[in-house]
Amino acid sequence: MLSLDDPRWSELRHAYGDAANIPSLLRTLASSTAPKARDQDEPWFTLWSCLCHQGDVFTASYAAIPHIVQIASEASGPVDFGFFQLPTAVEVARQTGRGPDIPVPFADDYHRAITQLVENVSRHRAEAWDQPMLLSAAAAQAVAKGHVDVAEALLNLDADWIARINSVDFDEAFPRSNG
């Protein structure tokens, strides 16, 4: 895993240029793993903006994900759903062509981190989960097991979509043939 002190962070790119600011954001994240109160709370807001900007990912995204996954694996107590959602969104973007190839020096650590999402979900399973956490945890498990399409669908679910799905009369929408 790329050390947070490694000068190569400035050679990596994110949505706004070089990624020299990412190590500081990851250090802040490590000291504050609890669920955030608002979407604009830092460091998550800037991490999302830089690493998964409007569904696109960057070389710095691949170097940062192992750190995010490790922080969640070492956290005691409830964690923010972003620990599952951001790595999942990065992997979905990568798998669907919305980012560059993973730089070779970071590929093994990145792939290990994605696989470790299953263990991290299990590690935090006894905590109370709201709906965003449940959906993010389910999406993380799906992407870790290679079900990118399912992970993407879960990331796109919200209360409105769930209500729409639950209100469909499947017998009417998909009539059975008589014969």
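Think of each chain on its own: its residues are numbered from 1, step by step along the sequence as written. Local features in a predicted model are, by the rule used here, given only for residues with pLDDT of at least 70; side-chain atom pairs are given and counted only at 80 or more, and totals for whole chains, interfaces and linings are based on all residues. With hydrogens and water excluded, all non-hydrogen atoms of the structure serve as input to the side-chain values.

(A) The arrangement of the nonpolar core in detail. What we call a nonpolar core is a set of buried Ala, Val, Leu, Ile, Met, Phe, Trp, Tyr and Cys residues that are connected through their side-chain atoms within 4.5 Å. Relative accessible area decides the class of each residue, using a 1.4 Å probe on protein chains only: under 20% of the type maximum gives buried, over 50% gives exposed, and in between gives partly exposed. W9, I22, L47, L51, I65, I68 and L86 are the most contacted members of the largest nonpolar core, which totals 52 residues. Where helices and strands are cited, they refer to DSSP runs of H or I of at least four residues and of E of at least two residues respectively, numbered from the N terminus. Sorting the residues of this core by element identifies helix 1 (22–30), helix 2 (44–51), helix 3 (59–74), helix 4 (82–95), helix 5 (104–123), helix 6 (131–144) and helix 7 (148–156) as the ones contributing at least two each. Two residues qualify as a contact provided that any one of their heavy atoms is within 4.5 Å of a heavy atom in the partner residue. When near neighbours in sequence (up to four residues on either side) are disregarded, W9 contacts L2, S3, L4, A19, A20, I22, P23, L26, A60, A63, A64 and H67.

(B) View of the pattern of salt bridges. We count a salt bridge whenever a side-chain nitrogen from Lys or Arg sits within 4 Å of a carboxyl oxygen from Asp or Glu. As enumerated under the stated definition, the model contains 9 salt bridges in all. One salt bridge in this structure joins K36 and D80, with 3.3 Å as the shortest N-O distance. With K36 in the loop between helix 1 and helix 2 and D80 in the loop between helix 3 and helix 4, this pair connects stretches of sequence that are 44 residues apart. Relative accessible area serves as the criterion here: at 1%, D80 is assigned to the buried category. With its nearest N and O atoms 3.3 Å apart, the salt bridge here joins D160 to R164. You can see D160 and its partner R164 sitting in helix 8 (residues 159–167), 4 residues apart, about one turn around the helix.

All quantities given are derived from atomic positions and should not be read as evidence of function.
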